[in-house]
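# Remarks on the overall topology
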Amino acid sequence: MGFFSFACARAQHDTISAPADVRYFLGGSFHYGFIWTHHADMGLLVKKHIVAGEIDLFKTTAGNKAWHDPYHYPTCGLALHIIPLGNPDQTGTAIGLYPFVNFPLGKRERRLKLSMRYGWGLGWLTKKFEPLDNHKNIVIGSHLNTCFSLRLNGMWCIDENDRMEFGIGLTHFSNGAVTKPNLGFNIPLLSIGYFHSICIQKDYCRNHNMENDVEDMGVPAIKKILADHSWHLNTLLILGMNDVDPPGGNRYGVSALQACMIKQTGRKTRFGFGFDLMYSQAIQKRLGDEGISVNAAGALQPGVKGVYELVLGRISCPFEIGTYIYSRYKGNGPIYSRFGVRYLVTDHLVINFSLKTHFAVAEYWEFGAGWRF
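So, here is what we can say about the structure in this document. (Residues numbered from 1 in each chain as written. Predicted model: local features only at pLDDT ≥ 70, side-chain atom pairs only at ≥ 80, totals over all residues. Heavy atoms only, no water.)

### As for unusual backbone geometry
Of note, the bond from Lys180 into Pro181 is cis; its omega dihedral lies within 30 degrees of zero at 0°. Mapped onto the fold, Pro181 is located in the loop between β7 (162–174) and β8 (185–201). In the Ramachandran plot, Tyr73 falls in the positive-phi region, its phi being about 60° despite a non-glycine side chain. Considering the arrangement of structural elements, one finds Tyr73 in the loop between β2 (50–60) and β3 (75–84). (Helix = DSSP H or I, 4+ residues; strand = E, 2+ residues; numbered from the N terminus.)

### What to know about the pattern of salt bridges
Tallying each qualifying case throughout the model produces 18 salt bridges. Measuring nitrogen to oxygen at the nearest pair gives 3.0 Å for the salt bridge that ties Arg151 to Glu54. Placement of Arg151 in strand β6 (residues 144–157) and of Glu54 in strand β2 is noted, with a sequence separation of 97 residues between them. Judged by relative accessible area, Arg151 falls into the buried class, the value being 4%. Among the ionic pairs, Glu130 bridges to Lys128, the shortest N-O distance being 2.9 Å. According to the relative accessible area criterion, Glu130 is partly exposed, its value standing at 30%. (Salt bridge = Lys/Arg side-chain N within 4 Å of Asp/Glu carboxyl O. Buried < 20%, exposed > 50% of the residue type's maximum accessible area, 1.4 Å probe, protein only.)

### A few points about the sheet that holds strand β10 (residues 251–264)
Backbone-to-backbone hydrogen bonds join strands into a sheet, with any given pair of strands oriented parallel or antiparallel. One closed barrel holds the 8 strands; their spatial order is β9-β10-β11-β12-β13-β14-β15-β16, and the pairing between them is antiparallel. For this sheet, the mean inter-axis angle between neighbouring strands, taken without regard to orientation, is 25°. Pairing of strand β9 (residues 231–243) with β10, which is carried by 13 bridges, proceeds in the antiparallel orientation. Note on β10: the bridge partner recorded for Met241 is Gly253. Those strands touched by helix α4 (residues 281–289) are β9, β10, β11 (269–280), β12 (301–312) and β16 (361–372), and its axis lies near 50° from that of β11. (Pairing = 2+ DSSP bridges. Axes fitted to C-alpha atoms, helices over the stretch in contact; angles between N-to-C directions. Contact = heavy atoms within 4.5 Å.)

### A few points about the nonpolar core
Among soluble globular proteins, nonpolar side chains are generally buried collectively. Counting 23 residues, the largest nonpolar core has Ile50, Ile83, Leu85, Leu125, Phe173, Phe185 and Ile187 as the members making the most contacts within it. Elements supplying a minimum of two residues to this core: β2, β3, β4 (93–104), β6 and β8. Of the residues forming this core, the biggest block, 4 residues, is contributed by β8. Within the second largest apolar cluster, 15 residues are counted, among which are Ala66, Ala256, Tyr336 and Val350. (Core = buried A, V, L, I, M, F, W, Y, C linked by side-chain atoms within 4.5 Å.)

The structure is reproduced here in structure tokens:
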């Protein structure tokens, strides 16, 4: 009997399970790194290595959402990242404010846990390109940007209330080519931090009705949607805008119709394939600059694509790679990609926020909505 009890306790310890309590942690971390000079002209702006700080508020998850268990009960939080860029006069300071999810890697419950942290939100740069006052800053043309963070973490659980974190990651600031220039800041960073529990919701799981938590105000439960493994047609109508070189010119409108057949292949993933019909006024202008006069129809860019979505309940993070079937403009190459966030408002209504790129070069942000058939 004693051996059986020990074996059960060992099995429970080795497998991550939903905690009875939800804990809120507050803390900070110290970061050291450098600006990655991915463009030759950026070298003149880099004066020293980066010393930065971050304040995080995050909470543990308890299994009251459909996506908590498949991802082994991640932590979710909000980060304030302050990064002096080592050149106060020309690059200033980068400030990021973004929500994040910390996904445990592996199913084992250990005091030292590896996890992958993904965050995306708003960024603010105190210095930007100015034609007269700061013309050497050829990296960013706007104060307001997006901030993207990807980090591999090692979390040491000292006890139930205290944790230390060690990480290596990349923080990126960009405006998605809304305003040129837009080379973007890529900042690899090493980090070390400490976090303390400031609030505990005791017996959270036992005190909540889990079925009600996933019903979402009368909308059919997301568990039912995630269990549907049939093919669905997703359509999106997209609008956006972008800028072209040289800086200081006009902004140009973007529109697109996106369609894909997609299938839920597991609780965490969807795969599919699709078709895009894209139009950008900037493409029409670039063709005109090359001496090719076309109307709007002549600037259309149809494409085919493969689709992957990382699924977190009603939220999904799509990643798409496509190729143009036809394009009069050749400057961006034949391959395009897209990543972003989509939210399934109901069984059918979808809203979208994404970035279209050509490898590491952003072309434009995409805002839109659509229907899931």
